[in-house]
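# Analysis of the macromolecular model
Now for the letters of each chain:
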Amino acid sequence: MARCPAHDDKTPSLSISLSGDSIGIYCHGGCSTEDVLDSIGLTFTDLYGKEDAHRQASYANKGEKARKHLNPFDIDLMVLKLAEADLEAGQTLSIEDQARVALAKERLRGAA
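Below or above, wherever it landed, is the structure these notes cover. (Residues numbered from 1 in each chain as written. Predicted model: local features only at pLDDT ≥ 70, side-chain atom pairs only at ≥ 80, totals over all residues. Heavy atoms only, no water.)

Mapped onto the fold, methionine 78 is located in helix H3 (residues 72-88). Along the sequence, methionine 78 and leucine 42 sit 36 residues apart, while their C-alpha atoms lie 8.4 Å from each other. (Helix = DSSP H or I, 4+ residues; strand = E, 2+ residues; numbered from the N terminus.)

Given below as structure tokens:
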């Protein structure tokens, strides 16, 4: 769970789930997946590639959980963008979130 960057979220309402190589993004506050991605500078194409982006956007717009195989690089990038959005909003990262950010940075440095 994380604070949704697409609305003024006081408590975490953004559910991000990972299952194997799949990721699900769902705002319990009612934001669309597209709005969540847009607020952190990402698009469906960034997450799913050009071929599957339109299909995933259609699923998300119908209220279904969009899931697709992702590169771990994309997941780490999303972790950093969500943390950045929280920090820009004046929020403090929890110890768990700080650990996630540190791990994402470590993985991305290793991929470079």
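Read on for the rest.
Take the layout of surface pockets next. Counted as a void, the largest pocket has a volume near 460 Å³. What lines the largest pocket is a set of 21 residues, among which Ile16, Val79, Leu82, Asp97 and Arg100 lie closest to the centre. Of all the secondary structure elements, the ones that give two or more residues to the lining of the largest pocket are strand S1 (14-19), H3 and helix H4 (95-111). Sorting elements by how many residues they give to the lining of the largest pocket places H3 first, with eight residues. (1 Å grid on protein atoms, 1.4 Å probe; cavity = no way out; pocket = protein on both sides within 12 Å on 5 of 7 lines; lining within 4 Å. Points joined across faces, edges and corners; volume = space filled by probe spheres on them.)

Taken as a whole and assessed by the stated rule, the structure comprises zero disulfides. Counting only cysteine sulfurs, cysteine 27 is the nearest neighbor of cysteine 4, a cysteine outside any disulfide, at a range of 3.7 Å. A relative accessible area of 3% means that cysteine 4 is categorised as buried. Taking the relative accessible area as the measure of exposure, cysteine 27 reaches 4% and is therefore buried. (Disulfide = S-S within 2.5 Å. Buried < 20%, exposed > 50% of the residue type's maximum accessible area, 1.4 Å probe, protein only.)

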